[in-house]
Number of protein chains: 4
Amino acid sequence: MTEIKFTESIGIELIRCLADDAFVAQAARVSTAGDLKPVEPGQGKLINYLMTKKHGSPFEHGLFTFRAEVPIFVAREWMRHRTGWSYNELSGRYTELSPRFYLPPADRAITQSGKPGAYDYAPGSLTQMGLLRAHTRESCAKAWTAYQAMLDAGISRELARGVLPLNLVTVFYATCNPRSLMHWLSLRSVSDHAAYPSTPQWEIAEAARQVEDHFKYWMPVTWSAYDNAGRVSP
Amino acid sequence: MTEIKFTESIGIELIRCLADDAFVAQAARVSTAGDLKPVEPGQGKLINYLMTKKHGSPFEHGLFTFRAEVPIFVAREWMRHRTGWSYNELSGRYTELSPRFYLPPADRAITQSGKPGAYDYAPGSLTQMGLLRAHTRESCAKAWTAYQAMLDAGISRELARGVLPLNLVTVFYATCNPRSLMHWLSLRSVSDHAAYPSTPQWEIAEAARQVEDHFKYWMPVTWSAYDNAGRVSP
Amino acid sequence: MTEIKFTESIGIELIRCLADDAFVAQAARVSTAGDLKPVEPGQGKLINYLMTKKHGSPFEHGLFTFRAEVPIFVAREWMRHRTGWSYNELSGRYTELSPRFYLPPADRAITQSGKPGAYDYAPGSLTQMGLLRAHTRESCAKAWTAYQAMLDAGISRELARGVLPLNLVTVFYATCNPRSLMHWLSLRSVSDHAAYPSTPQWEIAEAARQVEDHFKYWMPVTWSAYDNAGRVSP
Amino acid sequence: MTEIKFTESIGIELIRCLADDAFVAQAARVSTAGDLKPVEPGQGKLINYLMTKKHGSPFEHGLFTFRAEVPIFVAREWMRHRTGWSYNELSGRYTELSPRFYLPPADRAITQSGKPGAYDYAPGSLTQMGLLRAHTRESCAKAWTAYQAMLDAGISRELARGVLPLNLVTVFYATCNPRSLMHWLSLRSVSDHAAYPSTPQWEIAEAARQVEDHFKYWMPVTWSAYDNAGRVSP
């Protein structure tokens, strides 16, 4: 029997990318019949203009494909995003799943107070963290045993998986364009920006942090413009 | 403590609808400047023509809103559909979830053989069904106990829910237009049609069966045209 | 031969609608398992919260269908919007078009100075307006004569229409949900709001003004929240 | 004054591409946890399976960006496609347009008989072709003179362009994923396939022919599967 593993990892890998600042400018310049003229260094002014004036379409001609290994509850929050996103995911009907479960890392704030949409999170005591870990480990192990027992008895995978928990690690490919990526970031990342609307769960915010690193690396000028504009997508 | 319930129900309710065959014809007739002319009885010929010729857009000017109470694994299959769909779902971050878990009904085929995409399902023995039910009940009860214990200890809902299983019943609103509904049906329902591509899981096929009943009731001519065209969406 | 008509009208008619503030609240409340509880009067607080926190999805479960009679250049600006919109339009392939052309009304600012994206428009002299009208009338009449002559000679409609101008009045059905409507308004309407990004052409802004009147009538609380939030779509 | 040009060209250029058969297979294989295994040569069997079983999502993780120089009436037919497409186009508000007009080539069938959706097209006599060319040339020249006269008089570009005809050549960038490309092809290209639904206008069918050449070059296995499946998009 496969050994049960617990992981603290939110794993985001960039596996394909065709996106750069210069092409944003090129696509925008077709508006003024300038798309075939030589590209000048520094697209910052134009890109800032597009961002603040909400000309979003020039940011759509690119592609990022991520491979995510995250708990199912994060996959569910992610896939709520539909426009400009494409997904392929590990199937619990087509394959026997693997016993890998997510456990929050030691420095994750684990207690919650306040009202929906305005929660405060705090670290929690050692006792609380111990209890969280013990219950999670035990409950997942139990679920895995039940899953295996049902498979061994010839029950179909699609039904046996019903007992598997939301912190089971799933794998999916997610492709988006830069505009959709910025919209997603504006809702799924955290920021010190005063007017920032969203209060995402830590785990998807951690995924967003990694996605944003890739975005910033490949499109530094666009990223700056996005950040300067208050992290609001055009 | 709330009592744990197991349910065999896949519950789909139509709660809002603005969709009818006559408006498909009206929208299509704007093509030929005929949209404001008196509507003749019987739109069948035009609607059949639109369906077979893949003129899909006249089927988009309508709305169905369903309220679904289904296990999470069904919600995940459903929400894979992005174009022309809108969703709002019960949140495990904002509210304490309720202990309602899905169990397959007694006549559900529970064993699986064959290859991915071409499985054969068979009823299974009484022993197998008993084993499925016992493991599912026990594993879900265990998960619920762990969830409650963590909440009692002050752990945040968003983390405690990690142990809850995929057969937990969730609730969501799903709104779509008739064209997206037909596309969804073509992939999520079962049919005797020889060339039918899809082999959906029984539970979402049951949801699709209920959705299709509503569709057929409100748009009988469109439904017939869809069915006659091999259940392929325009 | 049909008489040529010139019109100053941007004509938007609401022909179907299923949208109200109460349902926004109902859909949002499924998050906290409250969607089936009796609806209290006054959804303002919740709807304002959704708007400012960018919870956009509860605004998607509704439908507005407009019938627009506008010049082709406005139709082109409108149909640039793809997400959450459905269209059916008068076809120049399937039907012989009618000689109705748009002329700007007398109080329309008709001269332009400044740079792309930051134009200033001014009324223009009587001479300029006279010249605009004379050239437009003459050129459209010439184009119509050519169109008719080609049709009379048996040339196909789809080729003959090539000479018809962009101010020819077209007709289309446009269906959207309230969220897409707000996004469209934020780019196609004008506002005194200081931070307002868009500088739409007067003709589509006039279409947007009429669309916004319908939106405000059917969803007054949502409209207020949208306006208070700086006319930015959630 | 710029010289008026007439062109018979439907010009489609592929300017960016990230799309290949191998990645379709890789994305699909995440379903069965096989995406990181070494890729075997020959993805044909899997890709054919995905196509016929309507598993469309693995075909979405790619990008084609085309630069199109086509008459406005073709741009309008093209941009009717919304899902999975992004556009940026030459602006008649931001720039002075150029006098380039489309004329059908000598071997284009120019007469039409039959009913909407089932037209027969025939070559037309030399007289008819001569008449088409003369009327088109004269009408476009007249429109251009009016456009120039209005600009010279200080009328804004956005209003002056109203007289310009639908056969004016426009330029736009169009980005799509392979799945959307196939759907577009299924409606905008011509085929001998008996059950083929669409009867597109020759000019957009010519654009589709060029787009299909690029698609076939970069994704030969996917193209074959699409063609074998009756040219129906998954």
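Residues numbered from 1 in each chain as written. Chains lettered and ligands numbered in written order. Predicted model: local features only at pLDDT ≥ 70, side-chain atom pairs only at ≥ 80, totals over all residues.

Student: Honestly, the overall build of chain A in this entry has me stumped. Any pointers?
Tutor: Broken down by element type, chain A carries 8 helices and 8 strands. For chain A, the spread of C-alpha atoms along the principal axes amounts to about 65 × 40 × 25 Å. Each of the 234 residues in chain A was classed as buried or not, and the buried ones make up 50%. When contacts within chain A are restricted to residue pairs at least 6 apart in sequence, those whose partners lie at least 24 apart make up 76%. (Helix = DSSP H or I, 4+ residues; strand = E, 2+ residues; numbered from the N terminus. Buried ≥ 20, exposed ≤ 12 C-beta atoms within 10 Å, placed from the backbone. Contact = placed C-beta atoms within 7 Å.)

Student: Sorry if this is basic, but what is going on with the sheet that holds strand 8 (residues 169–176) of chain B here?
Tutor: Sheets are built from strands paired through backbone hydrogen bonds, the pairs being either parallel or antiparallel. Residues and elements named next belong to chain B. Strand order in the open sheet formed by 4 strands is 2-3-8-4, with antiparallel pairing between adjacent strands. The open sheet has two edge strands, strand 2 (11–18) and strand 4 (85–89), and neither has a second partner. Across the sheet, the axes of successive neighbouring strands diverge by a mean angle of 20 degrees, strand direction being ignored. Two strands pair when backbone bridges link them, and strand 2 and strand 3 (residues 63–71) are joined in this way by 7 bridges, in the antiparallel orientation. Its bridge partner being in strand 3, I12 is matched across the sheet by A68. Across the sheet, helix 7 (residues 202–218) touches strand 2 and strand 3, and the angle it forms with strand 3 is around 155 degrees. (Pairing = 2+ DSSP bridges. Axes fitted to C-alpha atoms, helices over the stretch in contact; angles between N-to-C directions.)

Student: What is the right way to read the interface of chain B and chain D from this model?
Tutor: Reports often express the size of an interface as the amount of accessible area lost when the parts come together. Contact with chain B, which involves 11 residues of that partner, is made by 11 residues of chain D. Within the side of chain B that touches chain D, the residues separate by chemical class into 4 nonpolar, 5 polar and 2 charged. (Nonpolar A, V, L, I, M, F, W, Y, C, P; charged D, E, K, R; others polar.)

Student: Please clarify how the environment of E77 of chain A should be interpreted in this entry.
Tutor: All names here are of chain A. Along the chain, E77 falls in helix 3 (residues 72–78). You can call E77 buried: it has 20 C-beta atoms within 10 Å. Sequence separation between E77 and Y226 is 149 residues, and the spatial gap between their C-alpha atoms is 22 Å.

Student: For this particular structure, what's the right way to read the relation of the copies chain A and chain B?
Tutor: What relates the two chain copies is a rotation about an axis together with a slide along it. When chain A is fitted to chain B, the residual RMSD is 0.0 Å, and the transformation amounts to a turn of 180 degrees plus an axial shift of 0.0 Å. Taken together, the rotation and translation describe the operation of a two-fold axis. In terms of C-alpha distance to the rotation axis, chain A has P165 of chain A as its closest residue, with the C-alpha 2.0 Å off the axis. Interface residue correspondence from chain A to chain B reaches 100%, placing this contact among same-surface, isologous pairings. (Least-squares fit on C-alpha atoms with pLDDT ≥ 70 in both.)

Student: It is not clear to me how the packing of helix 1 (residues 21–29) of chain D against helix 2 (residues 44–52) of chain D should be interpreted in this structure. Could you clarify?
Tutor: A pair of packed helices is characterised by two quantities: the angle between their axes and the separation of those axes. All names here are of chain D. Where helix 1 contacts helix 2, the axes come no closer than 10 Å and their chain directions differ by 70 degrees. What the angle tells us is that helix 1 and helix 2 run roughly perpendicular. Where helix 1 crosses over helix 2, the two elements pack in a sense that is left-handed. On helix 2, the residues that touch D21, V24, A25 and A28 of helix 1 are L46, I47 and L50. Classifying every residue of the contact of helix 1 with helix 2 by side-chain character gives 6 nonpolar, no polar and 1 charged. (Parallel < 35°, antiparallel > 145°, perpendicular 65-115°, else oblique. Left-handed = near helix turned anticlockwise from the far one by under 90°.)

Student: I keep staring at the environment of T95 of chain C and nothing clicks. Help me out?
Tutor: As for its placement among the helices and strands, T95 of chain C is situated in the loop between strand 4 (85–89) and strand 5 (100–102). Exposure remark for T95 of chain C: the 15 C-beta atoms within 10 Å place this residue in the partly exposed category. It is 7.5 Å that separates the C-alpha atoms of T95 of chain C and R157 of chain C, two residues lying 62 residues apart in sequence. Beyond its immediate sequence surroundings of up to four residues, T95 of chain C is in contact with T32 and A33 of chain B together with L90 of chain C.

Student: I tried to follow unusual backbone geometry on my own but got confused; where do I start?
Tutor: Generally, phi is negative for residues other than glycine and the peptide bonds are trans, each holding for most cases. Of note in the backbone geometry, K54 of chain A takes a positive phi value of approximately 60 degrees without being a glycine. K54 of chain A gets classed as partly exposed once you count the C-beta atoms within 10 Å, which come to 18. Its identity is not glycine, yet R231 of chain C carries a phi of approximately 60 degrees, on the positive side. Inspection of the secondary structure puts R231 of chain C in the segment after helix 8 (220–228).

Student: Just to check I follow, could you spell out the sheet that holds strand 4 of chain C for this structure?
Tutor: Residues and elements named next belong to chain C. Within the open sheet, the 4 strands sit side by side as 2-3-8-4. Their pairing is antiparallel. Both edges of this open sheet fall to strand 2 (11–18) and strand 4, since each of them pairs with a single strand only. Here the strands of the sheet are splayed against their neighbours by 20 degrees on average, with no regard to which way each runs. As judged from the 5 bridges shared by strand 4 and strand 8 (residues 169–176), these two strands associate in the antiparallel manner. When the sheet's bridge partners are listed, N88 is paired in strand 8 with Y173.

Student: Explain the relation of the copies chain B and chain D here, please?
Tutor: Mapping chain B onto chain D leaves a residual RMSD of 0.0 Å; the transformation is a rotation of 180 degrees accompanied by 0.0 Å of translation along its axis. Looking at chain B, 100% of its interface residues are interface residues in chain D too, so the copies touch through the same face.

Student: Would you take a moment to explain the interface of chain A and chain B for this structure?
Tutor: Contact residues are listed per partner, giving 44 residues for chain A and 44 residues for chain B. Sorting elements by how many residues they give to the side of chain A that touches chain B places helix 4 (residues 126–152) of chain A first, with 13 residues. Residue composition of the side of chain A that touches chain B, by class: 24 nonpolar, 11 polar and 9 charged.

Student: Even after reading the chapter, I still don't get helix 6 (residues 178–188) of chain D, so can you show me in this structure?
Tutor: Because an α-helix packs 3.6 residues into every turn, residues spaced three or four apart end up facing the same way. Taken across its 11 residues, helix 6 of chain D has 11 buried, putting it largely inside the fold. Taken together, the buried residues of helix 6 of chain D touch strand 3 (63–71), strand 4 (85–89), strand 8 (169–176), helix 7 (202–218) and helix 8 (220–228) of chain D.

Student: How do you make sense of the packing of helix 4 (residues 126–152) of chain C against helix 4 (residues 126–152) of chain D when you look at a structure like this?
Tutor: At their nearest, the axes of helix 4 of chain C and helix 4 of chain D sit 9 Å apart, and the two run at 170 degrees to each other. Compared by their axis directions, helix 4 of chain C and helix 4 of chain D come out roughly antiparallel. The residues of helix 4 of chain D that touch helix 4 of chain C, namely those facing L131, L132, H135, E138, S139, K142, A143, A146, A149 and M150 of chain C, are L131, L132, H135, E138, S139, K142, A143, A146, A149 and M150 of chain D. Looking at the contact of helix 4 of chain C with helix 4 of chain D, its residues break down into 12 nonpolar, 4 polar and 4 charged.

Student: Quick question: what am I supposed to make of helix 7 of chain D here?
Tutor: Residues and elements named next belong to chain D. With 17 residues, helix 7 extends 25 Å between its outermost C-alpha atoms, agreeing within 8% with the 24 Å of an ideal straight helix rising 1.5 Å per residue. Regarding helix 7, the residues found buried are E203, I204, E206, A207, A208, V211, E212 and F215. Looking at the buried side of helix 7, the elements it contacts are strand 2 (11–18), strand 3, helix 3 (72–79), helix 6 and helix 8. (Expected span 1.5 Å × (residues − 1).)

Student: What should I look at first to understand the pairing of strand 3 (residues 63–71) of chain C in this one?
Tutor: Here is the key point about a regular strand: its side chains alternate between the two faces of the sheet. All names here are of chain C. Burial runs high along strand 3: 9 of the 9 residues are buried. Looking at chain direction, strand 3 and strand 8 are connected through 8 bridges and run antiparallel. Looking at the pairing, A68 lines up with F172 of strand 8.

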